[in-house]
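# Examining the three-dimensional arrangement
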Amino acid sequence: LITTGATTQNLTMRAAAFAQMQRYPESMAILVNMLSDWPDDIELLHQTAYTAYDYAAESGDVNLHVDAASLLRRITEIDPQNTHAFLLLARCYGVNDSFNEAVVSFSRCIELEPNNVEACHEFSDLYLLYNDKRSASKVLNQLLNQPLSPSARQQTLTKINQLNP
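Residues numbered from 1 in each chain as written. Predicted model: local features only at pLDDT ≥ 70, side-chain atom pairs only at ≥ 80, totals over all residues. Heavy atoms only, no water.

## Remarks on the layout of surface pockets
Rolling a probe over the atoms, with the probe sized like a water molecule, indicates the empty space that remains. There is about 160 Å³ of room inside the largest pocket. Looking at the lining of the largest pocket, the elements with two or more residues in it are helix H6 (99–112), helix H7 (117–129) and helix H8 (133–144). (1 Å grid on protein atoms, 1.4 Å probe; cavity = no way out; pocket = protein on both sides within 12 Å on 5 of 7 lines; lining within 4 Å. Points joined across faces, edges and corners; volume = space filled by probe spheres on them. Helix = DSSP H or I, 4+ residues; strand = E, 2+ residues; numbered from the N terminus.)

## Examining the side chain of Thr 51
Take Thr 51: it is sitting in helix H3 (residues 42–59). Residue Thr 51 is classed as buried on the basis of its relative accessible area of 7%. In terms of polar contacts, Thr 51 uses its side chain to reach the backbone carbonyl oxygen of Gln 47, at 2.8 Å. Excluding its chain neighbours within four sequence positions, the residues that come into contact with Thr 51 are Ala 19, Tyr 24, Ser 27, Met 28 and Leu 31. (Buried < 20%, exposed > 50% of the residue type's maximum accessible area, 1.4 Å probe, protein only. Polar contact = N/O pair within 3.5 Å; in protein donor to acceptor, adjacent residues only side chain to side chain. Contact = heavy atoms within 4.5 Å.)

## Describing helix H5 (residues 83–95)
The end-to-end C-alpha distance of H5, which contains 13 residues, comes to 19 Å, matching closely the 18 Å that a straight helix rising 1.5 Å per residue would cover. For H5, a buried count of 10 out of 13 residues is recorded, marking the element as mostly surrounded by other parts of the structure. Every buried residue of H5 is listed here: Thr 83, Ala 85, Phe 86, Leu 87, Leu 88, Leu 89, Ala 90, Arg 91, Cys 92 and Tyr 93. Measuring from the side-chain oxygen of the N-cap residue of H5 to the backbone nitrogen of His 84 gives 3.2 Å; that N-cap residue is Asn 82. (Expected span 1.5 Å × (residues − 1).)

## Some remarks on a nonpolar patch on the surface
Together, Val 62, Val 66 and Val 95 line one region of the surface with nonpolar side chains, adding up to about 210 Å² of accessible area. For Val 62, the location among the structural elements is in helix H4 (residues 62–78). For Val 62, a relative accessible area of 43% gives the class partly exposed. (Patch = residues over 30% accessible without salt bridge, like charges linked within 9 Å, V, L, I, M, F, W, Y side chains within 5 Å. Areas by Shrake-Rupley, 256 points an atom, 1.4 Å probe, with all protein chains shown as cover. Salt bridge = Lys/Arg side-chain N within 4 Å of Asp/Glu carboxyl O.)

## Topic: H6
Helical geometry: 3.6 residues make up each α-helical turn, so side chains three or four residues apart lie on a common side. Taking 1.5 Å per residue, 14 residues should reach 20 Å; H6 reaches 20 Å between its end C-alpha atoms and fits that length. Ala 102, Val 103, Ser 105, Phe 106, Arg 108, Cys 109 and Ile 110 are the residues of H6 that are buried. Contacts from the buried residues of H6 go to H5 and H7.

## Here we look at the packing of H4 against H5
Two elements in contact, H4 and H5, have axes separated by 9 Å at closest approach and are oriented at 150°. Here H4 lies roughly antiparallel to H5, going by the angle between them. Pair H4 / H5 crosses with left-handed handedness. Across the interface between the two elements, Val 62, His 65, Ala 68, Ala 69, Leu 72, Arg 73, Ile 75 and Thr 76 from H4 touch Ala 85, Phe 86, Leu 88, Leu 89, Cys 92, Tyr 93 and Val 95 from H5. A per-class count over the contact of H4 with H5 returns 12 nonpolar, 2 polar and 1 charged. (Axes fitted to C-alpha atoms, helices over the stretch in contact; angles between N-to-C directions. Parallel < 35°, antiparallel > 145°, perpendicular 65-115°, else oblique. Left-handed = near helix turned anticlockwise from the far one by under 90°. Nonpolar A, V, L, I, M, F, W, Y, C, P; charged D, E, K, R; others polar.)

## Let's talk about the packing of aromatic side chains
All chains considered together, the criterion is met by 5 aromatic pairs. Ring centres of Phe 99 and Tyr 127 lie 6.0 Å apart, and the angle between their planes is 70°; on these two criteria the pair is classed as edge-to-face. Placement of the pair is Phe 99 in helix H6 and Tyr 127 in helix H7, with a sequence separation of 28 residues. Using a relative accessible area of 22% as the deciding quantity, one classes Phe 99 as partly exposed. Site record: aromatic cluster; members linked through ring pairs are Phe 99, Phe 106, Phe 123, Tyr 127 and Tyr 130. (Phe/Tyr/Trp six-rings, centres within 6.5 Å; stacked < 30°, edge-to-face > 60°.)

Listed below in structure tokens is the structure:
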């Protein structure tokens, strides 16, 4: 990449533009090459991991979720307080049927941000996929102990009521 004469900023902007146009293969090609040249660039790692996640989510491809999980795992090792990375990592594990890893990632996300409605609802849904209503209900009831907006509280109560018809 250095021999092309393009600057790091130009390349990251080009990769971001490709991603914004949902041209993920082109974006990922640039980012992965850059990351191999600059493996310690944390901002580049974030951009690559989040683009990889968006690409995986858009395509539904399990292998792309595995790749995204690998990058997201690196972020959580470097920054164990990154709630967003743990949430995306949990989603990747869920798609890949890696239940235990998904539980660990959702748990860490919620430990860091106990009132994260999105994470709690998705964590509850994961338990339901594995027919564990008790754990699903526990996650939602713990969420109700947090300060929530009225709409988030209502959404959570609705989910709980659906568990116990």
